[in-house]
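# Analysis of the macromolecular model
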Amino acid sequence: MRKVSDSMSELRWNPQLKEWVIVAAHRQDRTHKPPAEFCPLCPTLPGAFPTEVPAETYEIVVFENKFPSLRQPPLPVEVEGSDLYQTAPAEGICEVVLYSPRHDGSLADEPVEHICNLIEVWTDRYLELGQQPNVQYVYIFENKGEPIGVTLSHPHGQIYAFPFIPPTIERELQSALEHKGSTGRCLYCDILQEEKEDGVRIVAENELFMAFVPFFARYPFEVHIYAKNHVGSLAEFSTEAKESLAQLLKDVLVKYDQLFGFTLPYIMALHQAPTKGDYPHYHFHIEFYPRHRAANKLKYLAGVESGMGTFITDMSPEDQAAKLRGEHKEEQ
């Protein structure tokens, strides 16, 4: 029987779905819900537990993940692949982005100016990581809250620099390209226009961005934030656009926390063009995937969602948007 190490880190190809799976066995030993006084993401105070940040305070910090799914340089592949079962090095970079020195709280608690600074950090990392020779896609995201599977509660996000374009982005790029070819227009600009004309699913907007529960929402209280101007990535944002996005992000995050009266767990995913290649048909947007369908009820991805990839939503997107706008009081 073939033996593999507990530190295995490699890519394995799924031939039926035509997508890579990351095998990162060493992550089984990553830090799991430590007491607040031993949080590795807090500042290092005199005489206290030494953390990942050797400073008594900070504003925003970025460092490489100690338990990365992708590495630079990558570990050697342990299992030799075949024509059907291909393997490849798990090459890439995984970073942690600390939002605040405060252990408790969330991004929703930060002022707009601080969120704007965070967007500057995201832009810097998107550009710098994207210049690495073997990086094909830079994914910026946040996992927030225990129902999402978070093991460190300190407010933070993450960045993965992938050696391939992830399947969700690949599908979006292809859909946008096909729409452009058949209509001559941007798919996302058309979605934005449709939502604007209907209006009932809009949650918040300002001059440069709009937040809405999409017509096709899969998760409860799923919100998308679209740039009103056709831009592909953060790299194309003006200073005004970054400030405008920070304002709308703050608005959406506050609405989430007001929904049930507690800070709402979610996944926040930035969707933007790959840093290599030309993708004029793509359009920057942010997607939020909460898990609470009510204050005391979670949405689980069960048989239909996990087994078939078809989502079933328990309430209409129109009703979700109204509740986020505060028009209907949600059951506690």
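A brief structural summary. These numbers come from a predicted model, not from an experiment.

Here the focus is the sheet that holds strand β3 (residues 61–64). What the 9 strands build is an open sheet, ordered β3-β5-β7-β6-β11-β12-β10-β9-β8; its pairing is antiparallel. In this open sheet, the two edge strands, each paired with only one partner strand, are β3 and β8 (202–205). Strand-to-strand twist of the sheet, defined as the mean angle between neighbouring strand axes without regard to direction, takes the value 20 degrees. Alignment of strand β11 (residues 266–271) against strand β12 (residues 285–290), held across 6 bridges, turns out to be antiparallel. Paired with Y266 across the two strands is P290, which belongs to β12.

Next up on the list: the packing of helix α2 (residues 167–183) against helix α3 (residues 187–198). Two packed helices can be described by the angle between their axes and the distance between those axes. Across the interface, α2 lies against α3 with an axial gap of 8 Å and an inter-helix angle of 80 degrees. Taken together, the axis directions place α2 and α3 in an arrangement best described as roughly perpendicular. Contact residues: α2 offers E172, S175, A176, H179 and T183, while α3 offers L187, Y188 and D190. A breakdown of the residues in the contact of α2 with α3 according to their chemical character gives 3 nonpolar, 3 polar and 2 charged.

Okay, the pattern of salt bridges next. A complete count under the given rule lists 20 salt bridges for this structure. Here D198 makes a salt bridge to R201, at a shortest N to O gap of 2.9 Å. D198 sits in the partly exposed class, given a relative accessible area of 44%. D314 serves as the salt-bridge partner of R293, at 4.0 Å between the closest nitrogen and oxygen. Residue R293 is found in strand β13 (residues 292–294), and its partner D314 is found in the loop between α5 (303–308) and α6 (317–324); the two are separated by 21 residues along the sequence. Salt bridges here are not isolated pairs; linked through shared partners, they connect E95, D124, R125 and E128.

Take C186: it is sitting in the loop between α2 and α3. With relative accessibility at 8%, the residue C186 sits in the buried group. Spatially, the C-alpha atoms of C186 and V231 are 11 Å apart, while their sequence positions differ by 45 residues. Those residues within four positions of C186 in sequence are excluded, and the remaining contacts are H179, K180, H230, H281 and H283.

With 6 of 6 residues buried, β11 is to be regarded as a mostly interior element. Burial along β11 is two-sided: Y266, M268 and L270 facing one way and I267, A269 and H271 facing the other are all buried. Here strand β6 (residues 137–144) runs beside β11; their pairing, made up of 4 bridges, is antiparallel. The residue bridging N143 from the neighbouring strand is I267, located in β11.

Next up on the list: the nonpolar core. Ranked by size, the top nonpolar core spans 53 residues in total, and within it I225, L245, L249, M268 and F288 carry the most contacts. Ranked by the residues each element gives to this core, the list is headed by helix α4 (residues 239–260), at 10 residues. In this view, L249 contacts I115, I119, W122, I225, M268, I286 and F288; residues no more than four positions away in its chain are not counted. Counting 24 residues, the second largest nonpolar core, distinct from the first, contains F141, L173, A176 and Y226.

Next up on the list: the sheet that holds strand β2 (residues 19–24). Either a parallel or an antiparallel arrangement is found when strands of a sheet pair, and the pairing is made through backbone hydrogen bonds. Here we have 3 strands laid out as an open sheet, ordered β2-β1-β4, and antiparallel in their pairing. Strands with a single pairing partner mark the edges of an open sheet, and in this sheet they are β2 and β4 (87–89). Within this sheet the neighbouring strands show an average axis-to-axis angle of 30 degrees, counted without direction. As paired strands, strand β1 (residues 9–14) and β4 are joined by 3 bridges and run antiparallel to one another. The residue of β4 that forms the bridge with E10 is P89.

A surface patch of like charges, here negative, comprises E113, E207, E240 and E243. Position of E243 among the secondary structure elements: in helix α4. A relative accessible area of 39% means that E243 is categorised as partly exposed.

This paragraph deals with the packing of helix α1 (residues 112–130) against α4. Where α1 contacts α4, the two axes come as close as 8 Å, and the packing angle between them is 120 degrees. One element, α1, and the other, α4, form an angle in the oblique class. Crossing hand, α1 versus α4: right-handed. Along the contact surface, α1 presents V112, I115, C116, I119, E120, W122 and T123, while α4 presents K242, E243, L245, A246, Q247, L249 and K250. Looking at the contact of α1 with α4 residue by residue, the class counts come to 8 nonpolar, 2 polar and 4 charged.

Parameters at a glance
Residues numbered from 1 in each chain as written. Predicted model: local features only at pLDDT ≥ 70, side-chain atom pairs only at ≥ 80, totals over all residues. Heavy atoms only, no water. Pairing = 2+ DSSP bridges. Helix = DSSP H or I, 4+ residues; strand = E, 2+ residues; numbered from the N terminus. Axes fitted to C-alpha atoms, helices over the stretch in contact; angles between N-to-C directions. Parallel < 35°, antiparallel > 145°, perpendicular 65-115°, else oblique. Contact = heavy atoms within 4.5 Å. Nonpolar A, V, L, I, M, F, W, Y, C, P; charged D, E, K, R; others polar. Salt bridge = Lys/Arg side-chain N within 4 Å of Asp/Glu carboxyl O. Buried < 20%, exposed > 50% of the residue type's maximum accessible area, 1.4 Å probe, protein only. Core = buried A, V, L, I, M, F, W, Y, C linked by side-chain atoms within 4.5 Å. Patch = residues over 30% accessible without salt bridge, like charges linked within 9 Å, V, L, I, M, F, W, Y side chains within 5 Å. Areas by Shrake-Rupley, 256 points an atom, 1.4 Å probe, with all protein chains shown as cover. Lys, Arg positive; Asp, Glu negative; His and termini not counted. Charge placed at Lys NZ, Arg CZ, Asp CG, Glu CD. Left-handed = near helix turned anticlockwise from the far one by under 90°.

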